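Analysis of the macromolecular model
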Amino acid sequence: MIDNLILGFETAVSASTLFYCVVGVSIGMFIGVLPGVGPLAAISMLLPLTYYTTPTNALVMLSGIYYGAQYGGSVASILLRLPGTASSAVVCLDGYEMTRNGRAGAALFLSAMASFVGGSIGILLMSAFAPALADFALRFGSQEYFMLMALGLIAASTLSEGSAIKGLAMVVVGLVLGIVGLDTISGTMRFTYGEMQLVDGISLVASAMGLFGLSEILVNIGRGDRTVSAQKVTLRSMIPTRQELRDSWPAIWRGSAIGSFFGALPGTGSTIAAFFSYATERKVSRNRARIGLGAVEGVAGPEAANNSAAQTAFIPTLTLGVPGDAVMALMLGAMIVHGVQPGAAMLNDTPEVFWGLIASFWIGNLLLVIFNIPLIGIWVSLLRIPYRWLYPAIVVLIVIGTYSVHLSVFDVYQLLAFGVLGWILRVLAFPTAPLVLGIVLGPLIEENFRRSLMLSRGDYTTFLTRPISAGLLLAIVAILVAQLVVPWLNRRQQAH
Amino acid sequence: MHKAVTRTLASSLALVVAMGATAALAEWPDHPITMIVPYNPGGTTDILARQAADAIAAAVGQPVVVENRPGAGGVVGATQAAQTEGDGYTIFFGNNATQVIQPLINPAVTYDPLTDFVGIATVADAASFLAVNADLPIHTLAEFVTYLQAHDDATYGTAGVGSMGQFTTEMLMQAAGTHATHIPYQGSNNAMAAVMSGEIDFMADPVAATQSDSDRLRIIAALTAERHPNLPDIPTAREQGVDVAITGWFGVWAPDGTDAAQREAMAAPLRALVASDAYREQVLRMGLLPNFRDPSETDAAVADSLTTFGAIRDAAGISIE
């Protein structure tokens, strides 16, 4: 491994490769900050330009955009409750509360630190165990994905503050919205009402932008120009306290582990990883009572998770030739056009590309931290702009970002609809995060459940006879018992 | 250098010939041409479309602006293209999903590929391969047929209901007289992962070509008329005694009403493009086959496929609602 890494660094520190790495991570960070514009749009637009450089340089730059976007994604989430990318939506919850508590700088600092640690752990795992992790990922069949997503649903219902019934109701609404579109298993159009643009389902970007970002703006309209911007930006407010640092570390480790796992599975990814990490923090972190009110764990955990997932997502793509998401599929296409064949043979045939990429990930992550820390002051000072100037600009950015995903005006209408829905829900004190997770998980749960039963010819024991699936089922039962039965027993004891 | 000169010469020569044909070309094009691509940027169709757009632009002397209109498996973009005026300023980069499969299986499709579109050219053919999980005792098409006859619980994966993969597999099984259960996935890559892990037994899809070195998946037949130049050791199904050769294509269409001389003027540079070495090499690397068809051959290919695929649809009962 050491020899390989040396080979990789020899490739990655060459002047031209380093240049492409800097360009890639800078673009990535920038588009991550912009609401709605994700790595998919940026990579697909830049892909044709990369035909004029070497395969390694092209891949280093495109990958840099991919993981760089995860760094930038949390900036707007923390400052404005506006997810820059879908995977940083969950960071809005505690990140924005920290901003309202005057800890915006500290939140950004911790998010950069968590991103770096999470990314580094992902890269470390990738350099040491890529083939083994790919083998492990292939052992996840439809049954295992179903159980994993079911576990996610239980996590979803515990995502939010306040009434558990309201949280559960929002998960169900999310699942229902997830039904819209072409059903993969039967090929039936469901609730599309003849509208071709709904065939691919509800737009995740439009729903996340609307429910989080646009609704925040609508809620603030009519409250006058009362802002969080009144706070002074001092050096002290930008650096996390010792207590905040101490509280963050366990969350970062847990988030990195969760993220690395989900990233390596083709078919899940950084958005689901971030939600799982947040749900975990709500259950196990020492300050769990304060999660949702601006706790550092709610920022550090999900940020570590989505960054480590962004790194380990390269494992199935590079070692199996199986891309986990649309962006990875695009990268795979780019490699093939460049004459690099990802898959089992890549480690042997083109080791300089594989290890060069890994070395560039280390360098890229380091660059991202170095870029990010000095920018914190600038980001925070954005809050001093009066809302009457800031909000119209933000609305324009959200609309452009949402439009850019599918170049579709219809998605902009969805955005507006979700913005109004989010506003109504917030006025009625319904949480919106479980709704988004429901939209993400709904189609995956249903598809994998039905496919499992097709494969087993209708035999439900298929979920029990496969060891990983049975283990996950056991975990679900254990959590349900702990959540429902134990409090009930306690209440009974108190009653006596 | 030499190649470029030849290419330019060839295309300008063709253009001159075509230009002589009609006076309609005298003023056309006096402003940029829009090419609608019904998929996201960066995918196979988009990569080919941009090269075709550049070639046409160089020949006609006006920019060809690519407009990506993704959604619903290409239907969103195709519908939009079908509704535009056939004035020579809008063209459409489609494939056999937009021109054949979706019109056959999707009742919500409002355009008719034969009357709403006219062909300009094809620029590449898709090449499908039959691939099985590497742990199965299957190395040839004969062993494949024997295996399916002995295992009536065999499964195959596709990119979804009504995908090219489902049509290809059903056509193969009709020819071989076998049966297997269809398991749809969200896209070809997920289906391929399932073949590699052994969740399902086999698939017939162009994506399999990317796994020619894999020890988890084995390619046992090319489902094309001839062997793929980049995988010369993989025999075709016909060589192995099963009469199947399925063709999918990528190409340029125009809305109905577009002037024939204008179509010829756009087809000529595409013929030169497909003949160029750089293009051929890249297309082969993507697992496709460079194949030019002129406007009338393109129209004939659509009509032929509608018949062939329509028969498979009816026999296998493939539909979405």
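Residues numbered from 1 in each chain as written. Chains lettered and ligands numbered in written order. Predicted model: local features only at pLDDT ≥ 70, side-chain atom pairs only at ≥ 80, totals over all residues.

1. Description of the overall build of chain B
Within chain B one finds ten helices and ten strands. Scaling as 2.2 N^0.38, a compact globule of 321 residues should have a C-alpha radius of gyration of about 20 Å, and chain B matches this with 20 Å. Projected onto its principal axes, the C-alpha coordinates of chain B cover approximately 65 × 45 × 30 Å. Here chain B holds 321 residues, and 56% of them are scored as buried. (Helix = DSSP H or I, 4+ residues; strand = E, 2+ residues; numbered from the N terminus. Rg over C-alpha atoms; globule rule 2.2 N^0.38 Å. Buried ≥ 20, exposed ≤ 12 C-beta atoms within 10 Å, placed from the backbone.)

2. Observations concerning the overall build of chain A
When you go through chain A residue by residue, the secondary structure sums to 22 helices and two strands. Relative to the globule expectation of 23 Å for 496 residues, the C-alpha radius of gyration of chain A, 22 Å, shows essentially globular dimensions. Its C-alpha atoms give chain A principal-axis dimensions of about 70 × 60 × 50 Å. Looking at chain A as a whole, 58% of its 496 residues qualify as buried. Sequence-distant contacts in chain A: of pairs separated by 6 or more residues, those separated by 24 or more amount to 79%. (Contact = placed C-beta atoms within 7 Å.)

3. Things to note about the packing of helix α4 (residues 55–80) of chain A against helix α6 (residues 104–138) of chain A
Residue and element names in this part refer to chain A. Relative to each other, α4 and α6 sit at 160 degrees, their axes nearing to 10 Å. Taken together, the axes of α4 and α6 lie roughly antiparallel to each other. In this structure, α4 meets α6 at a crossing whose hand is right-handed. Every residue of α6 that contacts α4 at Tyr67, Gln70, Tyr71, Ser74, Val75, Ile78 and Leu79 is listed here: Ala104, Ala107, Leu108, Ser111, Ala112, Ser115 and Gly119. Split into classes, the residues belonging to the contact of α4 with α6 amount to nine nonpolar, five polar and no charged. (Axes fitted to C-alpha atoms, helices over the stretch in contact; angles between N-to-C directions. Parallel < 35°, antiparallel > 145°, perpendicular 65-115°, else oblique. Left-handed = near helix turned anticlockwise from the far one by under 90°. Nonpolar A, V, L, I, M, F, W, Y, C, P; charged D, E, K, R; others polar.)

4. A word on the sheet that holds strand β3 (residues 90–95) of chain B
Residue and element names in this part refer to chain B. Here we have five strands laid out as an open sheet, ordered β2-β1-β3-β10-β4, and mixed in their pairing. The two strands at the open ends of the sheet, each matched to only one other strand, are β2 (64–68) and β4 (117–126). Sheet twist, expressed as the average angle between the axes of neighbouring strands with direction ignored, equals 25 degrees. Of the strand pairs in this sheet, strand β1 (residues 33–37) and β3 are connected by three bridges, and their pairing is parallel. Each residue of the ladder has a partner; that of Ile36, found in β3, is Phe92. Running over the sheet, helix α10 (residues 295–316) touches β4 and β10 (248–255) and is turned about 80 degrees from β4. (Pairing = 2+ DSSP bridges.)

5. Regarding the interface of chain B and chain A
Listed as interface residues are 41 residues of chain B and, on the opposing side, 44 residues of chain A. Contributions of two or more residues to the side of chain B that touches chain A are made by α2 (44–60), α3 (75–83), β7 (181–184), α7 (188–197) and α9 (277–285) of chain B. Top element by residues in the side of chain B that touches chain A is α7 of chain B. It accounts for six residues.

6. Quick look at helix α9 (residues 204–220) of chain A
Residues and elements named next belong to chain A. Its 17 residues place the ends of α9 24 Å apart at the C-alpha level, agreeing with the 24 Å of an ideal helix rising 1.5 Å per residue. Along α9, the sharpest kink reaches roughly 40 degrees, centred on Gly210. Counting buried residues in α9 gives 13 out of 17 residues, a clear majority hidden from the surface. Positioned one or two residues after α9, Gly222 has a phi angle of 85 degrees, which is positive. (Expected span 1.5 Å × (residues − 1). Bend = angle between axes of the 7 residues up to and from the residue.)

7. Considerations on the pairing of β2 of chain B
Residues and elements named next belong to chain B. For β1 and β2, the ladder comprises five bridges, and the chain directions are parallel. Residue pairing in the sheet places Val37 in a bridge with Asn68 of β2. Since β1 and β2 lie parallel, the crossover through α2 that links them has a hand, and here it is right-handed. (Right-handed = clockwise from strand over helix to strand, strands pointing away.)

8. Considerations on the domain arrangement of chain B
Interface extent is often summarised as the accessible area lost during association of the parts. Residue and element names in this part refer to chain B. Taken domain by domain, chain B consists of domain 1 (2–126 + 247–316) and domain 2 (129–222). The gap between the C-alpha centroids of domain 1 and domain 2 is 30 Å. Considering each element in turn, the side of domain 1 that touches domain 2 owes the most residues, four residues, to α10. Per-class residue counts for the side of domain 1 that touches domain 2 are eight nonpolar, two polar and no charged. (Domains from an automatic or database assignment.)

9. Here we look at the nonpolar core
In this structure, Ile78 of chain A together with Ala52, Val195, Leu223 and Leu270 of chain B are the most contacted members of the largest nonpolar core, which totals 262 residues. Ranked by residue count, the leading element in this core is α6 of chain A, at 20 residues. When residues no more than four places from it in sequence are discounted, the contact partners of Leu223 of chain B are Ser128, Phe129, Leu130, Thr168, Leu172, Ala204, Ala237, Val244, Ala245 and Ile246 of chain B. (Core = buried A, V, L, I, M, F, W, Y, C linked by C-beta atoms within 7 Å.)

10. Some remarks on the packing of α9 of chain A against helix α19 (residues 409–427) of chain A
Residue and element names in this part refer to chain A. Relative to each other, α9 and α19 sit at 55 degrees, their axes nearing to 7 Å. Looking at the two axes, α9 sits oblique to α19. Between α9 and α19 lies a crossing whose hand is right-handed. Contact with α9, carried on its side by Ala206, Ser207, Met209, Gly210, Leu211, Leu214, Ser215, Leu218 and Val219, involves Asp411, Gln414, Leu415, Ala417, Phe418, Gly419, Leu421, Gly422, Trp423 and Arg426 of α19 and no other residues of that element. Classifying every residue of the contact of α9 with α19 gives eleven nonpolar, six polar and two charged.

11. Points about the environment of Ile373 of chain A
Residue and element names in this part refer to chain A. Along the polypeptide, Ile373 turns up in helix α17 (residues 351–381). Under the C-beta neighbour-count criterion, Ile373 is labelled partly exposed, with 15 such atoms within 10 Å. Linking Ile373 and Ala273, residues 100 residues apart in sequence, is a C-alpha distance of 24 Å. Sequence-distant contacts of Ile373, that is, excluding residues within four places in its chain, are made with Phe109 and Ala112.

12. Let's talk about the domain arrangement of chain A
Residue and element names in this part refer to chain A. Assigned domains of chain A: these are domain 1 (2–461) and domain 2 (466–496). Inter-centroid distance (C-alpha atoms) of domain 1 to domain 2 is 30 Å. Contacts between domain 1 and domain 2 engage nine residues on the former and nine residues on the latter. Residue composition of the side of domain 1 that touches domain 2, grouped by class: six nonpolar, one polar and two charged.

13. Remarks on the pairing of β3 of chain B
All names here are of chain B. Among the six residues of β3, five are classified as buried, and the element is accordingly described as predominantly covered. Both β3 and β10 contribute to a ladder of four bridges, which runs antiparallel. In the sheet register, Phe92 faces β10, and the bridge partner there is Trp253.

14. Focus on the environment of Tyr71 of chain A
By the element assignment, Tyr71 of chain A lies in helix α4. Distance in space between the C-alpha atoms of Tyr71 of chain A and Thr192 of chain A is 35 Å, their sequence separation being 121 residues.

15. Overview of unusual backbone geometry
The peptide bond linking Trp28 of chain B to Pro29 of chain B adopts the cis configuration, its omega dihedral lying at -10 degrees. Looking at the element boundaries, Pro29 of chain B is found in the loop between α1 (2–20) and β1.

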